[in-house]
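# Breakdown of the fold
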Amino acid sequence: MGTSKRGSMVFLAAVGGMALAGGCTHNQNVGSSGGRINPYASTPADEASTSASMPALWEYSDQVAEALSRRIGGIPEIAGSPTRVIVELGAIENQTNTPRSDFELIQRRLRGRLLSSDIVNANVKFVESVQAMDAEARRVRGGETDPLQRDYGSGETDRYDPRMTYVLRGSFFESDRGDTRRYYFEFNLVNLQDRSIVFNEPFDLAQQRQ
């Protein structure tokens, strides 16, 4: 893991030839008292950090949400489904010096943005993980197994057809060259059964310490 160093940092971001889609949200009234700041603004602490730029990650999660909302109706496997497909959060591959929790944060934020989209929800039903919901079911029942699930194995909660199930995965990579770091990020939507990638949104980020 990298260690923090003082100094200023210049952020350069390219998105496969496209402008950042998160810019339209920058004018939200976020307040300016009590230490509150615009979440898209870079602070001295951000500039001194050796981790990937959080304002850039914020914009990237906006970009993915907007891209998926715009393109979901054109994904044949999803648009042609007789019922809404199932989507849950998938694994995060972190090959950077940035804490994994930063990427988990934007993955959750991405899901939140998608849940607020009528277009996405017309095609997709989001679910929590089997492990988390089975544990919740046991907790609610005081540790007892649901007798109604007796014929369905040890599972506590509903299972879905893997052919109709997709996972939203994130992969994050870093190249370190002295005072310059380059990143490649991508979120993709993958079918659980045939492993086909039906949606992929990349992001390139370069940061240089001066």
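The structure presented is a predicted model; accordingly, all values stated were derived computationally and were not measured. Position numbers for residues start from 1 in each chain and track the written sequence from start to end. Owing to the predicted nature of the model, reporting of local features is limited to residues with pLDDT of at least 70; listing and counting of side-chain atom pairs is limited to 80 or more, with chain, interface and lining totals taken over all residues. Computation of side-chain values: all heavy atoms of the structure, hydrogens and water removed.

## Description of the overall build of the protein
What counts is decided by this rule: To qualify as a helix, a DSSP run of H or I must reach at least 4 residues; to qualify as a strand, a run of E must reach at least 2; elements of each kind are numbered from the N terminus. Think of it in three bands: with a 1.4 Å probe and only protein chains considered, a residue is buried below 20% of the maximum accessible area for its type, exposed above 50%, and partly exposed in between. The contact criterion used throughout is that any non-hydrogen atoms of two residues lie within 4.5 Å.
Scanning the protein from terminus to terminus reveals six helices and six strands. The helix and strand sequence of the protein, counted from the amino end, reads β-α-α-α-β-α-α-β-α-β-β-β. Taking all 210 residues of the protein together, the buried fraction comes to 40%. In the protein, the proportion of contacts linking residues at least 24 apart, taken out of those at least 6 apart, comes to 67%.

## Let's talk about helix α4 (residues 100-115)
The test is simple: The span one expects for a helix is its residue count, reduced by one, times 1.5 Å.
The end-to-end C-alpha distance of α4, which contains 16 residues, comes to 23 Å, matching closely the 22 Å that a straight helix rising 1.5 Å per residue would cover. For α4, the full list of buried residues reads D102, F103, I106, Q107, L110, R111 and L114. Along its buried surface, α4 packs onto α2 (54-71), β2 (85-95), α5 (118-121), β3 (124-126), β4 (165-177) and β5 (180-191).

## Focus: α2
Keep this limit in mind: Any pair of nitrogen or oxygen atoms within 3.5 Å is treated as a polar contact; in protein, a donor-acceptor pairing is required on top of that, and neighbouring residues in sequence qualify only through side-chain atoms on both sides.
For α2, with 18 residues, the first-to-last C-alpha span of 26 Å sits near the 26 Å given by 1.5 Å per residue. Most of α2 sits inside the fold, with 15 of its 18 residues counted as buried. The distance from a side-chain oxygen at the start of α2 to the backbone nitrogen of A56 is 3.1 Å, and the residue carrying that oxygen is S53.

## Some words on unusual backbone geometry
Backbone geometry places R195, a non-glycine residue, at a positive phi of 65°. Within the secondary structure layout, R195 lies in the loop between β5 and β6 (197-209).

## Some points on the side chain of S69
Along the chain, S69 falls in helix α2. Look at S69 and you get buried, because its relative accessible area is 16%. Of the polar contacts made by the side chain of S69, one reaches the backbone oxygen of A65; its length is 2.8 Å. Sequence-distant contacts of S69, that is, excluding residues within four places in its chain, are made with L114, S117, I119 and V120.

## Here's the deal with the packing of aromatic side chains
For the record, the criterion: Aromatic pairing here means that ring centres of Phe, Tyr or Trp (its six-membered ring) are within 6.5 Å. Orientation follows from the plane angle: under 30 degrees is stacked, over 60 is edge-to-face, and everything else is tilted.
Per the counting criterion, the structure on display carries nine aromatic pairs. Residues F103 and F172 carry aromatic rings whose centres are separated by 3.9 Å and whose planes lie at 10° to one another, so their mutual orientation is stacked. With F103 in helix α4 and F172 in strand β4, this pair connects stretches of sequence that are 69 residues apart. Here F103 matches F172 in class, with each residue buried. The interplanar angle of 5° and the centroid separation of 6.1 Å between the aromatic rings of F185 and F203 together place this pair among those described as stacked. Taken together, the residues F185 in strand β5 and F203 in strand β6 connect sequence positions 18 residues apart. F203 shares its class with F185; the two are buried. One aromatic cluster is present, built from ring pairs that chain together Y60, F103, F172, Y183, F185, F187 and F203.

## Section: the pairing of β6
What counts, and what does not: A pair of strands is considered paired only if DSSP assigns at least 2 bridges between the two.
As paired elements, β5 and β6 share eleven bridges and run antiparallel to each other. Among the inter-strand pairings, T180 is bridged to a residue of β6, identified as Q208. The loop that links β5 with its antiparallel partner β6 comprises five residues; one of these, R195, has a positive phi angle of about 65°.

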